[in-house]
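Observations on the three-dimensional arrangement
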Amino acid sequence: MKKTFTSLLALAGMVVGFTLCSCGGGGGGNDEIVNLDGLEITSLTSTETSMQFTKASANYYALQLSFGGSNSDGHFLVKGFTPGSQPRVVGAISLTANSDVRAAANWLGLPPDSNLTFSIPDEIELTMTFGSKTSGTGSMTRKGKVLIWSGNPLIPSKSIDLATGEIRGVDAEGNEGDVIDGGTPEIEVDLETSFHYENASGMLKK
């Protein structure tokens, strides 16, 4: 009887443990980390691009990106928020198709007027730092990689590390090789960029 009770107690503990572990981190469940609904940021580059945030669900936002005559859609998942005099938002950006990378070039630190073809093989993480008012100037850095495609037919030829600016050769399957010394002039990556923002009142209330 004692052994049976002990076994049941251990099983109950395992069930509770699995239940607690399944909740995840970063706010857990549907808890909102920060409210970015209505936020619009515009790059401070010679060719302005804009990115607008519309809430889809807690911590998940639809993005509308525009660059010149090119418009595209994407999503932004909030992963972290640090309040204060310079609030900081960390999240992952996803785009609807490879062609959208051109419209999002300024948000990836890439030259938007390039004729190169890009794709994003994995998640790109953005860290955005804002000011203390509902509108003002902020800055952005990134983590992640972008593939450059070239040739006929198009195949991946290089990868760019958005956090360091390193450019590596890749094979047809996208496997990375050695760092290419000096990179190439037409793929100069801005490791940190500035932007103007509006409608940040929801974020500052957190």
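Residues numbered from 1 in each chain as written. Predicted model: local features only at pLDDT ≥ 70, side-chain atom pairs only at ≥ 80, totals over all residues. Heavy atoms only, no water.

With that settled, the discussion passes to the nonpolar core. Residues Leu 36, Ile 41, Phe 53 and Phe 76 are the most contacted members of the largest nonpolar core, which totals 39 residues. Setting aside residues up to four positions removed in sequence, Leu 36 forms contacts with Phe 53, Tyr 61, Phe 76, Val 78, Val 89 and Met 203. (Core = buried A, V, L, I, M, F, W, Y, C linked by side-chain atoms within 4.5 Å. Buried < 20%, exposed > 50% of the residue type's maximum accessible area, 1.4 Å probe, protein only. Contact = heavy atoms within 4.5 Å.)

This part covers the pairing of strand β11 (residues 167-170). As judged from the 3 bridges shared by strand β10 (residues 155-161) and β11, these two strands associate in the antiparallel manner. Bridge pairing in β11 places Ile 160 opposite Ile 167. Turn length for the β10-β11 hairpin, with the two strands adjacent in sequence and antiparallel, is 5 residues, and the turn residue Gly 165 shows positive phi of about 80°. Examined bridge by bridge, β11 and strand β12 (residues 176-179) share 2 bridges and lie antiparallel to one another. Bridge assignment links Arg 168 to a residue of β12, and that residue is Val 179. (Pairing = 2+ DSSP bridges. Helix = DSSP H or I, 4+ residues; strand = E, 2+ residues; numbered from the N terminus.)

Sheet architecture is closed into a barrel: 8 strands sit in the order β1-β2-β3-β4-β5-β7-β8-β13, paired in antiparallel fashion. Geometrically, the sheet is characterised by an average inter-axis angle of 35° between neighbouring strands, direction not taken into account. In the sheet, strand β8 (residues 136-143) pairs with strand β13 (residues 193-198) via 5 bridges, with the strands oriented antiparallel. Looking at the pairing, Met 140 lines up with Thr 193 of β13. (Axes fitted to C-alpha atoms, helices over the stretch in contact; angles between N-to-C directions.)

On to the pattern of salt bridges, then. Close approach of charged atoms allows side chains of opposite charge to pair. In this structure the tally under the stated criterion is 4 salt bridges. A salt bridge links Glu 123 to Lys 79, with the shortest nitrogen-to-oxygen separation between them at 2.9 Å. Placement of Glu 123 in the loop between β6 (117-119) and β7 (124-129) and of Lys 79 in strand β4 (residues 70-82) is noted, with a sequence separation of 44 residues between them. Among the ionic pairs, Lys 79 bridges to Glu 125, the shortest N-O distance being 3.4 Å. Here Lys 79 is found in strand β4, whereas its partner Glu 125 is found in strand β7, with 46 residues between them in sequence. Residue classification places Lys 79 among the partly exposed positions, given a relative accessible area of 38%. Note on Glu 125: relative accessible area 18%, which makes it buried. Look at the salt bridges and you will find they share partners, linking Lys 79, Glu 123 and Glu 125 into a network. (Salt bridge = Lys/Arg side-chain N within 4 Å of Asp/Glu carboxyl O.)

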